[in-house]
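In case you want the letters, here they are:
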Amino acid sequence: MLSELWSAGDTKRSTSGPGCRGKKITDDSSAHRRVGVSEDRQQPPEWLIRELLRQSRRRHSVTLGDEVQIMGRQRSRLRSLKPSQPEHYPFNTNSCTQGEFSKHMIQEYKEKQETARRSKQVAFTLPATMKALCHGTPIVNIHSTHDGTVVTVREDGVVCYWSPELKPLKTKTMFKEGPANRKSKWASDFTLMKEFNKLMIGTGDREIQLYELSTLEPYCQINALDTVPLTLDYGYTGPDKCCVLYGDMEGCVTIILISCVGDTLRLWNKLPKIENMPNIAVDNAVLSPNVTFVRWKVHQDWVTQAKYFQGFQAVVSSSSEEPSSLVIGCVMPLTDAEQQLGEIREACYEGKTKKVQLSWTPQLRATHDQTVFSIYKGVKTFDLCQKHSLLVTGGMDRLIRMWNPHFSGNPTGILKGHSAPIIYLCIFSEDSQIFSVSIDRTVKIWDIQDQCCLFTADPKASGIHGDISACSYSSALKSFYIAADCMAVLSLKIRPQLHSRLTVSHNETVMCCGYNEEFRQVVSCTEGSVVKVWDFDTGRQVFEFGGTHNLSAITCMTFDPKGRRLVTGGRDGCLKIWNFNNGQCLKTLKKDGECQEVCDCIFLQVHRNVHVMSVGRDRMIDIYPDITEDVHHVQRPQPSWQDDLKNGHKDDILCVAQCPPSLIATSSYDGEIIVWNVVSGSIQCRFVSPLLVEHQNVEGLDTSVPSIIFLKNSKLQHFSSATALLSSGAVGCLNLWNVLSGGKFMGSFKASRYQQKITKLAKTDKDMLLYAADRIGYIYVYNMEKFAPAQKSPRAEHFWRAHTSRITGLQIVDNDQVVLTSSADYTVRLWSAHGEFIGTFGQPERWSVHIPSSWKHPDVPYQVLIDPLSMPDHEILNVKTRLSDANDPDKTGAHRGELKALS
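A quick note: this is a predicted structure, and the numbers were derived from the prediction, not measured.

1. Some points on the pairing of strand E40 (residues 609–616)
With seven of eight residues buried, E40 is to be regarded as a mostly interior element. Where strand E39 (residues 598–606) meets E40, eight bridges bridge the pair, whose relative direction is antiparallel. Within E40, the residue paired with Leu604 across the bridge is His611. The antiparallel hairpin formed by E39 and E40 contains two residues in its connecting segment, where His607 sits at a positive phi of about 60°. Where E40 and strand E41 (residues 621–625) come together, five bridges link them in antiparallel fashion. Of the residues in E41, the one forming a bridge with Val612 is Tyr624. In this antiparallel pair of consecutive strands, E40 and E41, the connection spans four residues, and Arg619 shows a positive phi of 65°.

2. A closer look at helix H5 (residues 261–269)
When H5 is considered as a whole, its buried residues turn out to be Val261, Gly262, Thr264, Leu265 and Trp268. Looking down the long axis of H5, one finds its buried residues gathered within 165° of arc, a one-sided arrangement.

3. As for the sheet that holds strand E26 (residues 443–447)
Whether parallel or antiparallel, the strands of a sheet pair through hydrogen bonds between backbone atoms. If you walk across this open sheet you meet the four strands as E24-E25-E26-E27, and the pairing is antiparallel. Each of the sheet's edge strands pairs with one partner strand only, and the pair in question is strand E24 (422–428) and strand E27 (452–457). Geometrically, the sheet is characterised by an average inter-axis angle of 20° between neighbouring strands, direction not taken into account.

4. Some remarks on a nonpolar patch on the surface
A contiguous nonpolar surface patch, about 270 Å² in accessible area, is contributed by Val860, Leu865 and Ile866. Structurally, the position occupied by Leu865 is in helix H10 (residues 862–866).

5. Structural notes on unusual backbone geometry
In this model, Leu126 is joined to Pro127 through a cis peptide bond whose omega is -5°. One can find Pro127 in the loop between helix H4 (98–119) and strand E1 (129–132). Of note, the bond from Pro660 into Pro661 is cis; its omega dihedral lies within 30 degrees of zero at 10°. By the element assignment, Pro661 lies in the loop between strand E43 (653–659) and strand E44 (663–668).

6. Points about the nonpolar core
Ranked by internal contacts, the top residues of the largest apolar core, which has 26 residues, are Ile208, Leu210 and Trp268. Elements that contribute at least two residues to this core include exactly strand E8 (207–212), strand E9 (218–223), strand E10 (231–238), strand E11 (241–247), strand E12 (252–259), H5, helix H6 (282–285) and strand E15 (291–297). Beyond its immediate sequence surroundings of up to four residues, Leu210 is in contact with Met193, Lys198, Leu199, Met200, Pro218, Tyr219, Cys220, Leu265 and Met277. In terms of nonpolar packing, the next biggest core, distinct from the first, is built from 24 residues, Leu454, Phe455, Ile468 and Ala488 among them.

The rules behind these values
Residues numbered from 1 in each chain as written. Predicted model: local features only at pLDDT ≥ 70, side-chain atom pairs only at ≥ 80, totals over all residues. Heavy atoms only, no water. Buried < 20%, exposed > 50% of the residue type's maximum accessible area, 1.4 Å probe, protein only. Helix = DSSP H or I, 4+ residues; strand = E, 2+ residues; numbered from the N terminus. Pairing = 2+ DSSP bridges. Arc of directions from axis to C-beta. Axes fitted to C-alpha atoms, helices over the stretch in contact; angles between N-to-C directions. Patch = residues over 30% accessible without salt bridge, like charges linked within 9 Å, V, L, I, M, F, W, Y side chains within 5 Å. Areas by Shrake-Rupley, 256 points an atom, 1.4 Å probe, with all protein chains shown as cover. Salt bridge = Lys/Arg side-chain N within 4 Å of Asp/Glu carboxyl O. Core = buried A, V, L, I, M, F, W, Y, C linked by side-chain atoms within 4.5 Å. Contact = heavy atoms within 4.5 Å.

Shape descriptors only; they carry no functional weight alone.
Quick look at the structure:
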């Protein structure tokens, strides 16, 4: 294929197509990009073009007008097949050594692992939401109901209902005061019988009490148990059937099986009351034909936890003693004892009187009726998952052991990371995760498949203090509830569930994007410190790497003048220089001491010297010389300008822009703009964004300047110097300044149709077309050649809604006459210069930039189509324009400053 491709000498040379450098092709449908293919490059054979087209997935068939574009597109693809690599690529195919190749493959493997890890990223919102407890009595357990209400029971019998956000809903004391010479009753544990709307409490008086869950009114109790129910559990075993079990200090697990539960409980509810609670002794309860009683001797020490698992139809219990630390056993005996119990039940059904008395002598299970796990230092907590066929145990030795529940030999995995005994474990099967809590208030989330820790919330970060008395994870609420000195909730950060028709480029907010002309690639960066590299010509993902700024957000990015390196700035206050084709960090730029967020950065070239300049929350301008031969991985900035130290910004600097050869401008949160001479480091002029008369007394008005741009063109009217500065102002306005006249204010106009803050500005190479993007996703195109300060504001040439949220990146690719955008709505998109939708990076269908039939147009992004703000009756759109006018910008006064202020 390559031989025929590069050696075919009889192919016709294109003299007017896109293969000619520097020439443009235009037709009625679009303007096309310049493709850097030399004149002597031969046209590929037609059979190869047909084959490549057949393999390209496009939405529409090729139209007759697309032939020229197809030829140019395929030349670009075929050119990429030649083994010529830029110097910053991972390796050169002509000269790479085996070591370089191995290094590249290892790096690529690591990045694939990192990509897989990022797909599993999970985190709690920190610090925890806490509610102070005005008592010193410990909470014995925490459960949640079907409607999301969180229920806690204190040791003194006080029941409290909480909202998911820990707002107290109801509190009631369940135990009545006894005689003065009698110790007060205490709760040992509690659980919920959700299917029967009951709350069940085990007490130190050897009782199991039932209350109405909705009203907390007493319902009935079983008393005269042989031992105190230290740990209590309930399981729904079938229609109108349930299992109540508890463990005690003798190492026994007692199981009470109840059938016809509704009728049985109603019968007990009519019995004589003791202390205002209908009462039945356990000896009498088991005489009912609907009740089966069995007591197993399982451990030689206190039972630390006992649970019934319907999926396994088994009871699992644990203890601190090593020989039988955890036992998975049958509910009922599978030996001759089962037959004897069956005969007793039959006799009851025949109306005969039971002649046998309840025996509290515990039974021993047969060896084949149970699986015994012997674990060092015993087990404090465990959980069992049928979906993953997984048992997890934790205890005093601070290790989480993973087991196959059917085999008790060796654990299938050991999770290390806790530095204190583990007191709670929960398997969240839906996301294949394990939640663990240790006695030092550290909460961890683990991945089952990779057996690694995904997130740690230490007490310093969560703010939880005191000794933990109870904790519970609610999978329905995606929240972790912990009772210590306070009641606390750790909520999982939930990724929005996207509609199946929605296409996103990232799984989180996209903070910035940029186009690299050297490689025809797009780079986008996110709040979660992920960098993705995309193919500009097709929209497919080329590469991805992450963890770039210690998992803090990437706030800005730029390319070096040659387009071979990427610079990113982060919320961690550092700048990093990357080989963005393999994710290798070449250098870190940071200040000494504590660093604050970087808001913007540029490559600054003055004469032959190149620097990286950054601005941010520290209100200073930092300049780093770009010294490629510097072997130090960490580089410090040059000393600050004296004028910056003495007379610089008084608030956070949000943006920086360059006007070659020697001017830069910086803008801040308080609305101030300063123009600097980079040669002398002195201030040339400074000015503050003006406010319209109707906005001057508005409280809380956003006067920040998130975007500024220089306009330098001799066609600019009313500018003697032909150098102007455009800045975003309040309520969707844009302000124009004459820079070389001491910062003279030249005029202002309302750029946003709906008076929303302009977040990004971009211009075409000739400076005449200005693109402005606002915080609700609209893009407006203005011809600045028509702007005259003394006349009405210019009318938008075009406008369209590109995203459903704040636009965070905006760049014009002049050679291809397309617009690149990114947004907080998780997407990076490409548009024609007039707003025709080309596609979203990451979509299944590939596009060709210069073949309109491969674009999504006339479709619009589905997110935009269904967004409430796209509806004509939305409150933001209730401005002084009619719907018919809104559909025809030529008739709309909105662009001439006739909008009224939003309420």
